[in-house]
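Single-letter residue listing:
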Amino acid sequence: MSKKINVTHKEFSFYESIIFILYLCIGFIPNLQAVDKIAPQWLFLGGLNFFAGVFILKNKKIFDERISIHFKSGITLFYAFFIIWGGISFFYAINPTEVLVNISRQFNVFFMYTNMAILLISINDKSKFFSLILTIILSVEIYFIFNQAFQMISSYGQIDSGSLTGVTANRNIAAFSIALKIPFVLYLSIKSKTLKFKTLWFLITTLSIMGLLIIQSRASYLALGMLIAGFSIIPYIFFKENTSFQKIKILLLVFLPLFFSITANKIFFASKGADAISRASTISFSTNDGSVNQRLRYYSHVRTHVKSNPILGVGLGNWKFKSIDYDKENMVGYVVPYHAHSDFIQIGAELGILGFLSYLGIFILAFFLSLKLLLNPKFKRNKKLFIYLILLSLGVYFIDANLNFPIARPQVLIIWTLIIGLISFYYYSSLEKIEIKKIITKNKINFFALLILIGLVSFPISYKVYGSLKNQMYLLRDYNTNKFNTSINQLEEMDMKIPNVTVTTIPLEAIKARYYINQKEYDKALNILKLSNKPNPYLFFAESLKSKAFLAKGNIDSAYYYSKKAYFGLPNNTLHVANFVKLAMYKKDRNSIEKAGSLLLDNHLSANWQNIITAYIDIVGIGEKKLIELTDRAIKIFPGNPNFLLLRKLASVSQVNISKGAKIAEEALSFFNNKNYKQASVLYLKAINEDPMEYSYYENVATCFYQLKEYGNAMLYSSKVISKFNPRTGKSEYLHGISKISTGDLQGGCEFISKAIELNFLEAQIIQKQFCKS
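Residues numbered from 1 in each chain as written. Predicted model: local features only at pLDDT ≥ 70, side-chain atom pairs only at ≥ 80, totals over all residues. Heavy atoms only, no water.

**A short note on a nonpolar patch on the surface**
Among the surface-exposed residues, F14, Y15, I18, L22 and F44 lie close enough to one another that they form a single nonpolar patch of about 480 Å² accessible area. By residue number, the principal contributor to the nonpolar patch is helix 1 (residues 13-24), which donates four residues. Mapping L22 onto the fold places it in helix 1. (Patch = residues over 30% accessible without salt bridge, like charges linked within 9 Å, V, L, I, M, F, W, Y side chains within 5 Å. Areas by Shrake-Rupley, 256 points an atom, 1.4 Å probe, with all protein chains shown as cover. Salt bridge = Lys/Arg side-chain N within 4 Å of Asp/Glu carboxyl O. Helix = DSSP H or I, 4+ residues; strand = E, 2+ residues; numbered from the N terminus.)

Structure below.
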């Protein structure tokens, strides 16, 4: 019978172990003055890849056969195609520079996978080694989570789960970084023989689940559910010969930590703002859930784009630009839909169907190879158990990749890379020697040397990105606080070519122009702004600045031209709206303001509605049908907002009539104060006739009729306020309620009294106590 491939080389294991530990600890690298910690992490990854690659090349005799096998691996081929296809997108991308930045990152992940898959040959007990290292790392992550949580309780008495980031950048990354490692701890729990170690792993599992519960990432709850379900079948697959009691003991390794975690959460943390049960109950696939709605909207945008661009997408890393064009009606300010919240569909948008299939193919093939290993009767049970558990970990990543964007985060990618490297390694190590010979290729060392060369070329890109993100720490701080603390000299020294946009997609050259406008160097700013919209043509940040510069120079026509471009390009941006309506009123541009009014959507900010309606009234005047319909829409969308009631009045009633109504109402008030309710009611009705859009006149006449015991008229006018104006003050509901009660309709009256109380009209509480006790 043919012998299997030899997979151990003890003499080099120390160095390989150190390299693996360095890879797995990349997540601990802090910001190092960058606006996002991924910048120094990508930089470190590039450097580590190079040194690991050189180490492998230097010892090529040891790794020769493994290198050959790796480059013939199906996972490697799928992955390599994905990288090459992503690189080709440079030639058609919206922003080619962003392709360089992202292909450098994805290449380094591929290079890391290659290094890991090759170096694995020197790690003897892989399952134990990686489980121990990842458990130690997990313990550190858990410590930081609980440390933050207890600091919050100590300072504020509450846990802000959204700010529980541990050593990561946000809570989703923290949660999935924990969830990905739990299967490795469970492996140690199953394999440990001594009570003290079983207790230790049990404690770490419990704390890990408890950490997930207080972080309150709903997506990680789904992942945890999948993990527990997957673990539940282990005794019945891998330990069939065990007694029922022994199987239950294995199940308790996960179910007891879950029970203790939920119990501890309910007793200690639920009252501190981290109630896991309540949070889990909000998991929904209903479109009434805002988060679900947002994701479905993003998915819809991608689907629309891929339908019209099935082969070539927008370029690797470029969806954050094109997504603005699709989501501009929903965007607030310059907060862009940076990710599609699914790596798979985002890659489809960026690289088309081929890119999507090649990336998805990595996962499908990894699952298929794992299945073959699990069904291989010659593969040892301990190894099968390990493969099964890392497959569960891959499932966690798959959930993350479908709901978030781990492809952008090195800390999570490293675990994914290790998993697919392990699966690939174990599969090819299980083949017979005769099968291995068919795989071996002659030019494998050349391929590997090419990777090192490309890695060396990509390193300066990572370095430039890190430098840029350090600069952006100051630039974005200035922008967000509307300050200009960065000097012009500092600006001129900054490299704004790679990358050419901020982490928020604002073109860096446009950011620079902002400082020149502040210095009143308008011509220089305008020269910079000529090409500064190219990196991101959908944000219209440059157009907004151009308008500002031209306005300062006194060139109203150009200022208005660019203000319209900015507004109609990004219509829910408060800055764009305010600048546009100011100049539209100056130019008396009725057509543009009517168009702007017709484009207002229910989800647009109330401030933008107010600005556009105000300009509409200023330009068109009163009584215009479309304008009145627009104000009616605004009142329905923003009930209780008094500004829109006022705007509808200004759109419907002349200033002369408003003044007449106010004068008559003033006279009516004097009669009311003297308890001459009859004369007061006559005058309030006259005021309504002059100004039918002032709801207080209706409320006042309703009050008069109530005092006169004319309850029918009181209900008539109070109901007009409720149905026509709905100011949500509670006064009209109160008047309607007490009038109904006075006519003997106790049930109907109490319903309106309850509504008045809901609207915080305090006088209604007295009536409720007297008449509505039941």
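Next, the rest of the story.
**Here we look at the packing of helix 24 (residues 556-569) against helix 26 (residues 590-598)**
One way to put it is that helix 24 packs onto helix 26 with a least axis distance of 12 Å and a crossing angle of 15°. Taken together, the axes of helix 24 and helix 26 lie roughly parallel to each other. Once helix 24 is placed against helix 26, the crossing between them reads as left-handed. Contacts from Y560, K564, Y567 and F568 of helix 24 reach helix 26 at S592, K595 and A596. (Axes fitted to C-alpha atoms, helices over the stretch in contact; angles between N-to-C directions. Parallel < 35°, antiparallel > 145°, perpendicular 65-115°, else oblique. Left-handed = near helix turned anticlockwise from the far one by under 90°. Contact = heavy atoms within 4.5 Å.)

**Concerning helix 9 (residues 218-232)**
Helix length check: helix 9, at 15 residues, gives a terminal C-alpha distance of 21 Å against a target of 21 Å (1.5 Å per residue), a fit within 8%. Along helix 9, 11 of the 15 residues are buried, which leaves the element largely enclosed by surrounding structure. (Expected span 1.5 Å × (residues − 1). Buried < 20%, exposed > 50% of the residue type's maximum accessible area, 1.4 Å probe, protein only.)

**A word on the packing of helix 8 (residues 195-215) against helix 9**
Helix 9 packs onto helix 8 with a crossing angle of 145° between their chain directions and a minimal axis gap of 8 Å. At the point where helix 8 passes helix 9, the crossing takes the left-handed sense. For the pair helix 8 and helix 9, the contacting residues are I209, L212 and L213 in the first and S220, Y221 and L224 in the second.

**Side note on the confidence of the model for the chain**
Summarising the model, the chain shows a mean pLDDT of 89, and 96% of its residues fall at 70 or more. For the stretch residues 1-11, pLDDT sits under 50, and the model shows 31 contacts to residues farther than four places along the chain or on other chains. (pLDDT = per-residue confidence, 0-100.)

**Considerations on the environment of N49**
For N49, the position within the fold is in helix 2 (residues 38-58). Residue classification places N49 among the buried residues on the basis of a relative accessible area of 0%. With 162 residues separating them along the chain, N49 and G211 place their C-alpha atoms 32 Å apart. Leaving out residues up to four positions away in the same chain, N49 has contacts with Y23, N108, F111, M112 and N115.

**Let's talk about unusual backbone geometry**
Backbone torsion omega between I498 and P499 reads -10°, so that peptide bond is classified as cis. Tracing the backbone shows P499 in the loop between helix 20 (488-493) and helix 21 (508-518). Notably, K520 is not glycine yet its phi reads approximately 65°, a positive angle. Following the sequence through the fold, K520 ends up in the loop between helix 21 and helix 22 (522-529). Positive phi, close to 60°, is recorded for F540, a residue that is not glycine. Mapped onto the elements of the fold, F540 is located in the loop between helix 22 and helix 23 (541-553). Residue classification places F540 among the buried residues on the basis of a relative accessible area of 15%.

**A word on the state of the cysteines**
Here the structure, examined in full by the defined rule, presents one disulfide. The residue that forms a disulfide with C750 is C772, at a sulfur-sulfur distance of 1.9 Å. Sign of the S-S torsion, about -90° for the bond between C750 and C772, identifies this disulfide as left-handed. Taken together, the residues C750 in helix 35 (residues 746-758) and C772 in the segment after helix 36 (763-771) connect sequence positions 22 residues apart. Relative accessible area serves as the criterion here: at 13%, C750 is assigned to the buried category. (Disulfide = S-S within 2.5 Å.)

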